[in-house]
Amino acid sequence: MRILIIEDDRRTSEYVVKGLSEAGHLAEALADGRDALVHATHTPYDVLVVDRMLPGLDGLSLVRALRASGVQTPAIFLTSIGGVDDRVDGLEAGGDDYLVKPFAFSELLARVNALGRRPAVQAEKTVLRVADLELDMARRTVKRGGQKIDLQPREFTLLEVLMRNEGRVVTRTMLLERVWDFHFDPKTSVVETHISRLRAKIDKPFEVALLHTVRSTGYSIHAPL
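The rules behind each value
Residues numbered from 1 in each chain as written. Predicted model: local features only at pLDDT ≥ 70, side-chain atom pairs only at ≥ 80, totals over all residues. Heavy atoms only, no water. Helix = DSSP H or I, 4+ residues; strand = E, 2+ residues; numbered from the N terminus. Polar contact = N/O pair within 3.5 Å; in protein donor to acceptor, adjacent residues only side chain to side chain. Buried < 20%, exposed > 50% of the residue type's maximum accessible area, 1.4 Å probe, protein only. Lys, Arg positive; Asp, Glu negative; His and termini not counted. Salt bridge = Lys/Arg side-chain N within 4 Å of Asp/Glu carboxyl O. Contact = heavy atoms within 4.5 Å. UniProt positions renumbered as here; feature names shortened; annotations may be inferred. Pairing = 2+ DSSP bridges. Axes fitted to C-alpha atoms, helices over the stretch in contact; angles between N-to-C directions.

If you look the protein chain up in an unreviewed UniProt entry, it shows as XRE family transcriptional regulator from Devosia psychrophila.

Written out as structure tokens, the structure is:
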């Protein structure tokens with residue numbers, strides 16, 4: 001694998017580069033966060049090893065910037081900052097793993113190898129289609145048969161969840177969690193009400209129904225069988 005080590009401590013950097021090279025990887029190092037951002041954005045690395053305390057741009061900001069620009073290269077933080085909250089910050093910034101110094105190289109190598117074995121992250125679709133129904137995430141528009149359909153924000157999210165699960169049954173509980181962020185049953189008909197409103201907009205004006213109720217289970221959206 002091609003691995004970039006972003007570490008401003010020279011001894012640590014040389015130690016990690018040497019160990020990864022001996023393990024058969026192509027390892028290179030940079031000490032400045034801003035330089036690393038440029039290289040990691042334009043060079044296809046397999047894994048990034050990132051210190052948090054860096055000149056130019058700190059490690060958290062570096063990984064956040066990479067994720068914001070669409071770079072999904074797996075990243076492991078290798079740092080002396082090891083509190084629980086610090087680990088959480090690293091993972092929430094977009095890191096895939098977190099190892100605290102002092103460390104055993106064998107553990108670092110195992111973690112790097114594990115990250116390298118992960119399947120590549122697929123870019124999330126921004127345009128969803130089911131038969132002649134189209135939902136554009138970027139433009140926040142919905143069309144069926146080329147005809148624009150106006151949805152309320154909650155209806156839009158509901159339709160997105162259903163379309164991302166085309167052909168599969170989405171239960172009421174799943175919809176409560178993903179659309180309303182409810183992790184309990186509110187004992188209301190909120191799901192049924194919104195399904196009815198959505199069906200009136202995407203199905204009733206058209207000849208063929210796409211949104212189906214699966215009795216005692218949930219809902220499914222799919223093209224005609």
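After presenting the structure, the write-up continues.
Chemist: An account of the environment of Asp97 is requested, with residue identities and associated values reported.
Modeler: Considering the arrangement of structural elements, one finds Asp97 in strand 5 (residues 97-100). For the pair Asp97 and Arg87, spaced 10 residues apart in the sequence, the C-alpha separation amounts to 8.8 Å. In this structure the side chain of Asp97 is engaged in a polar contact, spanning 2.7 Å, whose partner is the side chain of Arg111.

Chemist: Account for the side chain of Arg52, with residues named and values stated.
Modeler: Within the fold, Arg52 resides in the loop between strand 3 (47-50) and helix 3 (59-68). At 4.1 Å, Asp86 is the nearest oppositely charged side chain to Arg52, a buried residue that forms no salt bridge. There is a polar contact of 3.1 Å between the side chain of Arg52 and the backbone oxygen of Asp86. The contacts of Arg52, once residues within four sequence positions are left out, are Asp58, Gly59, Leu60, Phe77, Thr79, Ile81, Asp86, Asp89 and Tyr98.

Chemist: Any details on the UniProt feature "modified residue: 4-aspartylphosphate" (unreviewed entry) in the protein chain? Residues and values, ideally.
Modeler: Feature annotation in UniProt places "modified residue: 4-aspartylphosphate" (unreviewed entry) on Asp51, given in this structure's numbering. Once residues within four sequence positions are removed from consideration, Asp51 is found in contact with Ile6, Glu7, Asp8, Gly59, Leu78, Thr79 and Lys101.

Chemist: Residues and numbers for the sheet that holds strand 3, please.
Modeler: Across the sheet, five strands lie side by side as 2-1-3-4-5; this open sheet has parallel pairing. Two strands close off the open sheet at either side, each with one partner strand: strand 2 (26-30) and strand 5. Sheet twist, expressed as the average angle between the axes of neighbouring strands with direction ignored, equals 20°. Here strand 1 (residues 2-6) runs beside strand 3; their pairing, made up of four bridges, is parallel.

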